[in-house]
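Structural characterization, general
Chain by chain, the residues run as shown.
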Amino acid sequence: MGRAVSVSLQKGGVGKTTIAINLVDALAARGHDVLLVDLDQQGNATEGVGLKDAYERDSPHVGDVLTDDDPVDAAETVVERDGFDVLPAHVDLDEIEDRIRNSTFGMLWVRRRIVDQLLGDAYDYIVVDSPPSLGPLSDAALIGTGSVIVPLLMSEPSVSGFERMWDQQVVPIRNEVDLELLAVVPNDLSGNNEERRIIEDLEDSPFEEHLPEFCRSDEFDDPDSPGPGIRHRIAFSRAWRDGRTLREYDPDNDMLDRLDRLAEIVENDA
């Protein structure tokens, strides 16, 4: 049992961090020991779980783990929190990306320094909130976890970002190491014909098998369903503002069941 997974898309504003935070929470609610690793330079996941101060903290931090110079043990940078633990982002992540770019084995640091050290003994699952752009840090996250969930807005820019990510990043990495696409998750849906069209296009694409059942177009026509995908709920942004997960902020929210089903996908065959 156990798996590391990146939540990634090379396009900002798609709800990547929301999915990462609440996937970690769903896995924890299912009885697992879970670590959230924030490798996004903006530190939104760190702030969104109530650890804003850690973003500018003194050593040890993630930069001391991802370095050529006497790296510290990743466990020393972990912050405990109710429900799950967090390896926070840091203000110096842009500099850290340059280190990865300029080091012979930098692309393997996330795997060797974080995943291999912590997965299994300390944690059942590790979820990485990846940077929203192509680059060495994003590559290192995908190589380090070996599996990825892609959140998508139902818009052409978001889909184009996924296509670029697939062609320019995922395929080249898969030519060298194992990298499994676990799910493509339509996110922040409100219900319109454009959303239906894009979901139907995904169902007619090679990525159809990676659409979870709750993300398919027949949910539009089910009177007992709110519609496909993770729906737009103001509680997501209010929870992030308060440094809490959706479950902590609104334990009766109707999207918790869908996040639980996404956690089940991560569990399968892990």
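Further up the page is the structure itself.
Report on the accompanying structure. Computed from a predicted model, the values in this text were never measured in an experiment.

**Here we look at the packing of aromatic side chains**
Scanning the model with the defined rule gives three aromatic pairs in all. Where Trp166 meets Phe207, the ring centres are 5.0 Å apart and the plane angle is 85 degrees; that geometry is what we call edge-to-face. A residue pair is termed long-range when its members are at least 10 positions apart, and Trp166 in helix 7 (residues 156–174) and Phe207 in the loop between helix 8 (193–203) and strand 7 (230–231) qualify at 41 residues. Residues Trp166 and Phe207 agree in their burial class; the two are buried. Among the aromatic residues, those joined into a cluster by ring pairs are Phe162, Trp166 and Phe207.

**Quick look at the pattern of salt bridges**
Where charged atoms from two side chains of opposite charge approach closely, those side chains can pair. Per the stated rule, a full pass over the model turns up 21 salt bridges. The partner of Lys16 in a salt bridge is Asp40, and the shortest N-O contact between them spans 3.2 Å. A residue pair is termed long-range when its members are at least 10 positions apart, and Lys16 in helix 1 (residues 16–29) and Asp40 in the loop between strand 2 (34–38) and helix 2 (44–48) qualify at 24 residues. As far as the burial class goes, Lys16 and Asp40 line up, both buried. Of the charged contacts, one joins Arg30 and Asp260 as a salt bridge, the two residues approaching to 2.9 Å between their closest N and O atoms. You can see Arg30 sitting in the loop between helix 1 and strand 2 and its partner Asp260 sitting in helix 11 (residues 256–267), a full 230 residues away along the chain. A relative accessible area of 30% places Arg30 in the partly exposed class.

**Observations regarding the environment of Glu97**
Residue placement: Glu97 occurs in helix 4 (residues 93–102). In the structure, Glu97 is positioned 105 residues away from Leu202 in sequence and 33 Å away in space, judged by C-alpha atoms. With near-sequence residues (within four places) excluded, Glu97 lies in contact with Gln41, Gly135, Pro136, Leu137 and Ser138.

**Notes on the pairing of strand 6 (residues 180–189)**
Regular strands have side chains that alternate between both faces of the sheet. The element strand 6 is largely enclosed, with a buried count of eight among its ten residues. Direction of pairing for strand 5 (residues 147–152) relative to strand 6: parallel, over a ladder of six bridges. Across the sheet, residue Pro151 finds its bridge partner in strand 6, namely Val185. Following the chain from strand 5 across helix 7 to the adjacent parallel strand 6, one finds a crossover that is right-handed.

**Side note on the nonpolar core**
Grouped together as the largest cluster of nonpolar side chains are 59 residues, with contacts concentrated most on Leu23, Leu36 and Ile149. Residue contributions to this core peak at eight residues, all from helix 1. Among all residues touching Ile149, those that are not within four sequence positions of it are Val5, Ser6, Val7, Ser8, Leu23, Leu182, Ala183, Val185, Leu262 and Val266. Among the nonpolar cores identified, the runner-up in size contains 26 residues, and Val65, Leu66, Ile96 and Ile100 belong to it.

**Topic: the packing of helix 4 against helix 6 (residues 136–145)**
Geometrically, a packed helix pair is captured by the angle between its two axes and the distance between the axes. At a minimum axis separation of 8 Å, helix 4 and helix 6 run at an interaxial angle of 75 degrees. Looking at the two axes, helix 4 sits roughly perpendicular to helix 6. Along the contact surface, helix 4 presents Leu93, Glu97, Ile100 and Arg101, while helix 6 presents Pro136, Leu137, Ser138 and Ala140. Residue composition of the contact of helix 4 with helix 6, by class: five nonpolar, one polar and two charged.

What counts and what doesn't
- Note that residues are indexed from 1 along each chain, following the sequence as it is written.
- Local features are withheld for residues below a pLDDT of 70 in this predicted model, meaning they are given only at 70 or higher, and side-chain atom pairs are given and counted only at 80 or more; totals for whole chains, interfaces and linings count all residues.
- In computing side-chain values, all of the structure's heavy atoms are included and hydrogens and water are not.
- In summary, the pairing rule links any two rings of Phe, Tyr or Trp, Trp by its six-membered ring, whose centres are within 6.5 Å, and it sorts them by plane angle into stacked for under 30 degrees, edge-to-face for over 60 and tilted for everything else.
- Per the convention used, a helix needs a DSSP run of H or I reaching at least four residues, while a strand needs a run of E reaching at least two, with both numbered from the N terminus.
- The cut-offs for exposure are 20% and 50% of the maximum accessible area for each residue type, with area from a 1.4 Å probe on protein chains only; residues under the lower value are buried, those over the upper are exposed, and the others partly exposed.
- When a carboxyl oxygen of Asp or Glu lies within 4 Å of a side-chain nitrogen of Lys or Arg, that pair is called a salt bridge.
- Whether two residues are in contact is decided by their heavy atoms: any pair within 4.5 Å suffices.
- Pairing between two strands requires that DSSP report at least two bridges joining them.
- Look down the strands so they point away from you; if the path from the first strand over the helix to the second goes clockwise, the crossover is right-handed.
- Residue types Ala, Val, Leu, Ile, Met, Phe, Trp, Tyr and Cys, when buried and joined through side-chain atoms within 4.5 Å, form a set referred to as a nonpolar core.
- Angles here are taken between N-to-C directions and fall from 0 to 180 degrees, while the axes themselves are lines fitted to C-alpha atoms, restricted in helices to the stretch in contact.
- An angle below 35 degrees is read as roughly parallel, one above 145 as roughly antiparallel, one from 65 to 115 as roughly perpendicular, and any other as oblique.
- Residues were grouped as follows: Ala, Val, Leu, Ile, Met, Phe, Trp, Tyr, Cys and Pro as nonpolar; Asp, Glu, Lys and Arg as charged; and all remaining residues, including Gly, as polar.

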